[in-house]
Amino acid sequence: ERHYNTQLIFSAMNEFPKLFVDWMEENGVDKSVYSVGETHRFFRIVKDEMVNVSDLKKDLKCDDVQRVEWCPNFFSIPVQVSLSTCSLYKDGKIFGMDVSSAVAVNALQIQEGDHCLDICCAPGAKLIYMGECCGNTGTVTGVDINRDRLAACRTVALKYKRNNLRLYLADGTTFREGAPLVSSHSISRTVLEQEALEEEERLINLRKQGRQRKRSKRGIPKRDRKHMKNGMFFCGDVIARDYVVREPSSVTCLYDKVLVDAECTHDGSVKHMLKFDKWGWDTFERRFFDTERIEGLEKLQQSLLLQGYRLLKPGGRIVYSTCSFSKRQNEDIIMWFLSTVNSATLVSAGMDNVPHAQPTEPELAHCMKFNPIVSGTGGLFIACFEKSKDTE
């Protein structure tokens, strides 16, 4: 995750656009968030990889490799040092990721064996991290509505050999596929019994799907076909082997943990904001302050959070996050959700040592706000909820 020098954002301008200044004042955003120079980028060591600081310094050709003390296995390096050209990155032993994104995942408190759902999973950094956290006895289901972005998730999953993932090209507001069900023959069958059952299942599926195959794959790009399985855009080997693989239908098994990293205006992302120097700030104002677009975006965020909650087990955890500083997309969404869903409780992420800001509203004190000044990271808002165990 690259940290750009944000002084470039308004390099072609003498001052901030007035509409944007007014918006910053309304949302309590310090102007310096967009002018402080960020000089480092973050990465993490992939789980179970035996890599030490000496290895990192040698491979990166950099002595300034610093541990992030408040986030295990995360490090920072000067922004000019390249990750993509080093062998540890090419071999899938380190992963570029903003440390604030890691907090969103860590707030879920994922345990080995958990079945997790990542709504709006592209481009995949949080998805892969979740897959590591739950181990090969757990699974992660990723959902995204954009084919190209979901293909990027698949590429990363293949590179990092995350075989406990499955991906769906679907609308997160209406997605209803439950967590994977353990296949009966993966529990107590002998090898011969398992092979016989698999062969029987294979023949049944051939007869059932033979008439549908041509129709079901019509219009699907050739590069996608070899990875698709029973309606899934991608299915890791662990899931294909140990779980019932079926067409998406309805919820039969809920998820232990859910992440809703919702679509937003991305104003907390330096990388995104830099684009407007090229596109023109009239484009920014047209997109950012279009009333109809923002209202539609808020409804989308509400729908994503509500659907993610429906798919969560009683007693489970769900995290809502955006890379925006907008109160309408953050605090207002959380207040609406709490007033709408009686079984949801806003809870602490359980990471008191993490540098972050908080909303001004006392009832939202458990929410976490990250920015370049407070945390030295990209902008991110995080809220964590628990679902009552008594929820029917």
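Structure report, in brief. (Residues numbered from 1 in each chain as written. Predicted model: local features only at pLDDT ≥ 70, side-chain atom pairs only at ≥ 80, totals over all residues. Heavy atoms only, no water.)

## A few points about the overall build of the protein chain
Stated precisely, the cut-off is as follows: The way it works is that DSSP assigns letters per residue, a run of H or I at least four long becomes a helix, a run of E at least two long becomes a strand, and they are numbered from the N terminus. Burial classes: relative accessible area under 20% of the type maximum marks a residue as buried, over 50% as exposed, and values in between as partly exposed (1.4 Å probe, protein chains only). We call two residues contacting when some pair of their heavy atoms lies within 4.5 Å. Reported accessibility uses the Shrake-Rupley method at a 1.4 Å probe radius. Residues are deemed covered only where the shown protein chains occlude them.
Of the regular secondary structure elements, the protein chain holds 14 helices and 15 strands. Relative to its full complement of 392 residues, the protein chain shows a buried share of 51%. Pairs at least 24 apart in sequence give 73% of the contacts found in the protein chain among residues at least 6 apart. Of the roughly 19200 Å² of accessible surface on the protein chain, 48% is carried by carbon and sulfur atoms.

## Regarding the sheet that holds strand β3 (residues 74-78)
For the record, the criterion: A pair of strands is considered paired only if DSSP assigns at least 2 bridges between the two. A fitted line through C-alpha atoms represents every axis, and for helices the fit uses only the stretch in contact; the resulting angles, taken between N-to-C directions, go from 0 to 180 degrees.
The four strands are arranged β2-β3-β1-β4 in an open sheet whose pairing can be described as antiparallel. Lying at the two open borders of the sheet, with one neighbouring strand each, are β2 (66-67) and β4 (94-96). Taken together, the three bridges between strand β1 (residues 40-45) and β4 define a ladder with antiparallel strand orientation. Within β4, the residue paired with Arg44 across the bridge is Phe95. Here helix α5 (residues 125-134) sits on the sheet and contacts β1, β3 and β4; the angle it forms with β1, its principal contact strand, is near 30°.

## Comments concerning the pairing of strand β6 (residues 139-144)
Definition in use: Throughout, right-handed denotes a crossover for which the path from the first strand over the helix to the second runs clockwise when the strands point away from the viewer.
When you tally the buried positions in β6, you get six out of six residues, the bulk of the element. Here β6 shows a buried face lined by Thr139, Thr141 and Val143 and a second buried face lined by Val140, Gly142 and Asp144. Once you follow strand β5 (residues 115-119) into α5 and on to β6, the crossover reads as right-handed. In this sheet, strand β7 (residues 165-169) lies alongside β6 in parallel orientation, the contact comprising five bridges. Paired with Val143 across the strands is Tyr168, a residue of β7. The parallel pair β6 and β7, bridged by helix α6 (residues 147-159), forms a crossover whose chirality is right-handed.

## With respect to helix α4 (residues 99-106)
The buried fraction of α4 amounts to seven of the eight residues, a majority that puts the element mostly inside the structure. Those residues of α4 not exposed but buried are Val99, Ser100, Ser101, Ala102, Val103, Ala104 and Val105.

## Thoughts on helix α1 (residues 18-26)
Rule in force here: Summarising the geometry, the arc corresponds to the directions from the helix axis toward the C-beta atoms.
All of the buried residues along α1 are Phe20, Val21, Trp23 and Met24. For α1, the arc enclosing every buried residue in end-on projection is 160°, short of the 170-degree limit, so these residues lie on one face. In α1, the exposed positions angled more than 90 degrees off the buried face are occupied by Lys18, Glu25 and Glu26. Of the residues one or two after α1, Gly28 is the one with positive phi, at around 65°.

## Brief notes about the packing of α4 against α5
We count it as follows: By definition in this entry, angles of less than 35 degrees are roughly parallel, angles greater than 145 are roughly antiparallel, angles of 65 to 115 are roughly perpendicular, and the rest are oblique. The handedness criterion is simple: a crossing whose near helix is rotated anticlockwise from the far helix by less than a right angle is left-handed, and one whose near helix is rotated clockwise is right-handed. Classification used: nonpolar for Ala, Val, Leu, Ile, Met, Phe, Trp, Tyr, Cys and Pro, charged for Asp, Glu, Lys and Arg, polar for all others including Gly.
At their nearest, the axes of α4 and α5 sit 10 Å apart, and the two run at 45° to each other. Here α5 runs oblique to α4, going by the angle between their axes. For the crossing formed where α4 meets α5, the hand is right-handed. Contacts between α4 and α5 involve Ser101, Ala102, Ala104, Val105 and Asn106 on the former and, on the latter, Lys126, Tyr129, Met130 and Cys133. For the contact of α4 with α5, the class distribution of residues is six nonpolar, two polar and one charged.

## With respect to the pattern of salt bridges
Quick note on the threshold: Basic side-chain nitrogens of Lys or Arg form a salt bridge, by our definition, when they fall within 4 Å of a carboxyl oxygen of Asp or Glu.
Using the criterion set out here, one finds twelve salt bridges in the structure. Put simply, Lys47 and Glu112 hold a salt bridge, and the shortest N to O gap is 3.8 Å. You can see Lys47 sitting in the loop between β1 and α2 (53-60) and its partner Glu112 sitting in the loop between α4 and β5, a full 65 residues away along the chain.

## Things to note about unusual backbone geometry
Excluding glycine, residues mostly carry a negative phi; peptide bonds, for their part, are mostly trans. A cis geometry characterises the amide bond from Ala122 onward to Pro123, with omega recorded as 5°. Its place among the elements puts Pro123 in the loop between β5 and α5. Of note in this structure, Lys61 is not a glycine but carries a positive phi near 55°. With respect to the helices and strands, Lys61 occurs in the loop between α2 and β2. Classification of Lys61 as exposed rests on a relative accessible area of 75%. Of note in the backbone geometry, Lys161 takes a positive phi value of approximately 55° without being a glycine. Accessibility expressed as a relative area gives 61% for Lys161, which makes it exposed.

## Here's the deal with the nonpolar core
Basically, it comes down to this: The definition of a nonpolar core used throughout is a set of buried Ala, Val, Leu, Ile, Met, Phe, Trp, Tyr and Cys residues joined through side-chain atoms within 4.5 Å.
With 48 residues, the main nonpolar core has Phe74, Val103, Met130, Leu167, Val319 and Ile382 as its most contacted residues. Of all the secondary-structure elements, those providing two or more residues to this core are α4, α5, α6, β7, β14 (368-370) and β15 (380-387). If we skip the residues at most four places from it in the chain, Val103 touches Trp70, Met351, Val354, Met368, Phe370 and Ile382. In this structure, Phe175, Tyr309, Ile334 and Phe385 belong to the second largest nonpolar core, which totals 34 residues.

From the geometry alone we can't say anything about function, so treat these as descriptive.
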